[in-house]
Amino acid sequence: MVSNRVSANLMSLGALDFGLIVDGAVIVVENCVRRLGEAQKSAQQLSYGERLAIVVQASQEVIRPATFGVFIIMIVYVPIFALSGVEAKMFQPMALTVMMALGAALVLALTFVPAAVALLLGGRVSHRENWLMRGARAIYRPVLQACLAARWPVVTSAAVLVVLCGLLAGQMGAVFVPKLDEGDIAMHALRVTGTGLQQSIDMQETVEMTVSGFPEVERVFSKIGTPDVATDPMPPNVADTFIILKPRAQWPDPDKPKEQLVSELETEVEKIPGNQYEFTQPIEMRFNELISGVRADVAIEVYGDEFDQLVELAGRIEALTREVPGAADVRMEQVTGLQTLSVEPKRAILQRYGLNVADLQDSLQIAFGGREAGLIFEGDRRFLLVVRLPELLRSDPDVISRLPVPLPAHEANPDEPFRNVAYDTTSAGVDYIPLGEVAEVRQIEGPSQISRENSKRRVFVSANVRGRDLASFVDELQAQVRHEIDLPAGYWIDYGGSFEQLISAAQRLQIVVPMALLMILALLLAAFGSLRDALLVFTGVPLALTGGVLSLWLRDIPLSISAGVGFIALSGVAVLNGLVMLSFIRERWREGLPLEEAIVDGALTRLRPVLMTALVASLGFVPMAFNTGVGAEVQRPLATVVIGGIISSTLLTLLVLPALYRLAHHEPENHDA
């Protein structure tokens, strides 16, 4: 981790499952102890050389399946390195750490562990099973024989379970990354464009007083405008309000959900006129803003050419979004409402006076922007003398209408009826005409901003999602928009926010995960030398995924990239036990045992290591699955998937895999097939 500059954080260290790390060692030690116990049934004490020979032989029996199994678990993490963006930053350190740990564990399992067994187990090794294993074996033998007798119903039931869980997964909701409870609240107070700084501060103080009245709130502070280091430039009409909450133990009702507190805050602050609000969390706010440029969970972006048409379409989409269950803080981007002084030239009258639009622009530039008229000296210092209208007069249309526009000298005519003697400067030999004579000056409401993306104008509607998953919310919203909104030619709608990252990550995983599964199948083929047996072990993947889907459904956890990473990890764990068990069944069959007897003997022999590896792998994820601390929301789906999948995978390995092997092989066949 140090050499690859991977920091010790929630994901890199939190995803290390010690159960997976010791899987290879469990397989080696269990087989060595079993072999030593069998050898000592006939001998009182084994010499060091005898112990060493038995350990070498026992290790060689399991070294191939154990090595291939650990390699397969490592390979399934490869697709994570194909992720990009935010999900890559989150999960690639985890994948790198797990792969390095598994690689080191494999080296130790093949070198240090057998040597330690030979050195440390110098006394008499007892191979007696404890009461738990004796009970498990007593139950497992008749159940296994029943599954072999009714192999078709067993395999059919497993196939039906896979199909049903696939349908269930299609009905489950999905989010990009589970929402972390940061403990505090970020609230945006949005006001009309053009709101002055002092007015915005006065309105914000009222908002802060209202929020501070809640007993759960420890303190409130706000940020308005652009900081000295303009890393987060904001206009004066937008205030970032940070609501710091007290520890839950100090709340009047410590069990009150945070969503309920947010709803109560929203109800109170909406009583204050002149504001719109968005509620989120401090880190989540920046997270969404960096991803899609908006601070909410979903952004519906409307693209086109005509600004008024865009505003009209966005307004209709805003109304539709409010009707979708789960929508919160719905608002349209503030793009109108800015008071603008409009000067529209009267071209026919301009032509009559020999003027053009540039002459009007020149007068307006002097009035608003000013023009240098000389220099003022104060000792060694000098200042430009700039002439322009005072600020109070620049916003008055009547004053602007009386601005003098000079007429061309060759057009000056004392008998001209439009000549205004109030602006006559005969000493300069120049005649003037008021701006209002050659242009229409009026105050209008214009666009406050015009945003462009991909060379097209864009207006967006943003919304947060509460009380439901993001994917189903967007699906329902898209269906309503398609049904209700008829887009003109040249206009289109995109959906952004964290939903966009969910789609991009899912599309990337749809490509790289099948490639990883093919690599697993290739390794299984190399391990067995038989495509049929490789496919039999590979069936552990879909049946393990059923356990992951069911566990998510039972815990009411939506699918997410975190759960997807759990499914990736699970697909490697699922084939490990099947690989070891099938290797022993094949070995027994090659030794001359009848097929069904070889299956029963091999399965019973591997019962203890299968249960041990499943148990230690599951226990390794239990703290992560039930953690309630900071960051637990990201770890919980991953651990839930792996635990549920390992349970279903163990049932497959112990019951369904022997039945499948019995169906795929027949007694007359060559045992080496």
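Structure first, text after, so check above.
Described below are features of the structure shown in this document. Residue indices begin from 1 for each chain and proceed along its sequence in written order. Whole-chain, interface and lining totals are the exception, using all residues; otherwise, since this is a predicted model, local features are given only for residues with pLDDT of at least 70 and side-chain atom pairs are given and counted only at 80 or more. Working from all heavy atoms in the structure, the side-chain values ignore hydrogens and water.

1. Overview of the overall build of the protein chain
Which entries qualify depends on this criterion: Numbered from the N terminus, helices here are DSSP runs of H or I no shorter than four residues, and strands are runs of E no shorter than two. It is over C-alpha atoms that the radius of gyration is taken, and the globule rule equals 2.2 Å times the number of residues to the power 0.38. Burial classification: accessible surface area is computed with a 1.4 Å probe over protein chains only, and a residue below 20% of its type maximum counts as buried, one above 50% as exposed, and the rest as partly exposed. The charge count includes Lys and Arg as positive and Asp and Glu as negative, but it does not include His or the ends of the chains. Where a charge sits is defined by one atom per residue type, namely NZ (Lys), CZ (Arg), CG (Asp) or CD (Glu).
Within the protein chain, the secondary structure is distributed over 24 helices and 15 strands. For 673 residues, the compact-globule formula gives about 26 Å, and the C-alpha radius of gyration of the protein chain, at 37 Å, lies well above that figure. Here the protein chain, with 673 residues, has 48% of them falling under the buried criterion. Across the protein chain, the 55 positively charged side chains and the 75 negatively charged ones have centroids separated by 10 Å.

2. Observations concerning the packing of helix α2 (residues 23–39) against helix α21 (residues 561–590)
What counts, and what does not: Axis geometry follows a simple rule: fit a line to the C-alpha atoms, using only the stretch in contact for helices, then measure angles between N-to-C directions, giving values from 0 to 180 degrees. When describing relative orientation, an angle under 35 degrees is termed roughly parallel and one over 145 degrees roughly antiparallel, while 65 to 115 degrees is termed roughly perpendicular and anything else oblique. Crossing handedness is defined as follows: a turn of the near helix away from the far one that is anticlockwise and smaller than a right angle gives a left-handed crossing, while the clockwise case is right-handed. Only heavy atoms matter for contacts: two residues are in contact if any of them lie within 4.5 Å across the pair.
One way to put it is that α2 packs onto α21 with a least axis distance of 11 Å and a crossing angle of 30°. Considered as vectors, α2 and α21 are oriented roughly parallel to each other. Between α2 and α21 lies a crossing whose hand is right-handed. Where α2 approaches α21, its residues D23, I27, N31 and R34 are matched on the opposing element by L576, V580, F584 and R588.

3. Observations concerning empty space enclosed by the protein
In plain terms, the rule: For cavity detection a 1 Å grid was placed over the protein atoms alone, and a set of points counts as a cavity when a 1.4 Å probe fits there but cannot get out; an open set counts as a pocket when protein lies on both sides within 12 Å along at least five of seven lines, with lining residues being those that have an atom within 4 Å of a point. Grid points are joined across faces, edges and corners, and a volume is the space filled by probe spheres set on the points. Three classes are used: nonpolar for Ala, Val, Leu, Ile, Met, Phe, Trp, Tyr, Cys and Pro, charged for Asp, Glu, Lys and Arg, and polar for all others, with Gly counted as polar.
Under the definition given, this model contains five cavities of 30 Å³ or more. Volume-wise, the largest cavity comes out at about 60 Å³. Lining the largest cavity, in full, are D23, V573, A574, L576, N577, T613, A614, I646, S649 and T650. For the lining of the largest cavity, the secondary structure elements donating two or more residues are α21, α23 (607–625) and α24 (632–664). For the lining of the largest cavity, the leading source of residues is α21, giving four residues. Grouping the constituent residues of the lining of the largest cavity by class yields five nonpolar, four polar and one charged.

4. Remarks on the pattern of salt bridges
Note the cut-off: By definition here, a salt bridge exists when the distance from a side-chain nitrogen of Lys or Arg to a carboxyl oxygen of Asp or Glu is within 4 Å.
For the structure shown, the criterion picks out 25 salt bridges. Residue D329 pairs with R466 through a salt bridge whose shortest N-O separation is 2.7 Å. Here the residue D329 occupies a position in strand β6 (residues 327–332), and R466 occupies one in the loop between β14 (456–465) and α17 (470–484), the gap between them amounting to 137 residues. Accessibility expressed as a relative area gives 25% for R466, which makes it partly exposed.

5. Things to note about the sheet that holds strand β4 (residues 276–280)
In a beta sheet, neighbouring strands pair by backbone hydrogen bonds and run either parallel or antiparallel. Going by this rule: When DSSP locates at least two bridges between a pair of strands, those strands are taken to pair.
Here we have four strands laid out as an open sheet, ordered β2-β3-β1-β4, and antiparallel in their pairing. The sheet terminates laterally at β2 (217–224) and β4, the two strands that pair on one side only. Strand-to-strand twist of the sheet, defined as the mean angle between neighbouring strand axes without regard to direction, takes the value 20°. The sheet contact formed by β2 and strand β3 (residues 238–245) spans seven bridges and is antiparallel. Of the residues in β3, the one forming a bridge with S222 is T241. Relative to β2, helix α8 (residues 197–212) is tilted by about 165°, and along the sheet it contacts β1 (185–190), β2, β3 and β4.

6. Comments concerning helix α6 (residues 131–149)
Where we set the bar: Each helix should span, by expectation, one fewer than its residue count multiplied by 1.5 Å.
Helix length check: α6, at 19 residues, gives a terminal C-alpha distance of 28 Å against a target of 27 Å (1.5 Å per residue), a fit within 8%. Of the residues making up α6, those classed as buried are M133, Y140, L144, C147 and L148. Next to the buried residues of α6 lie α7 (151–171), α21, α22 (595–605), α23 and α24.

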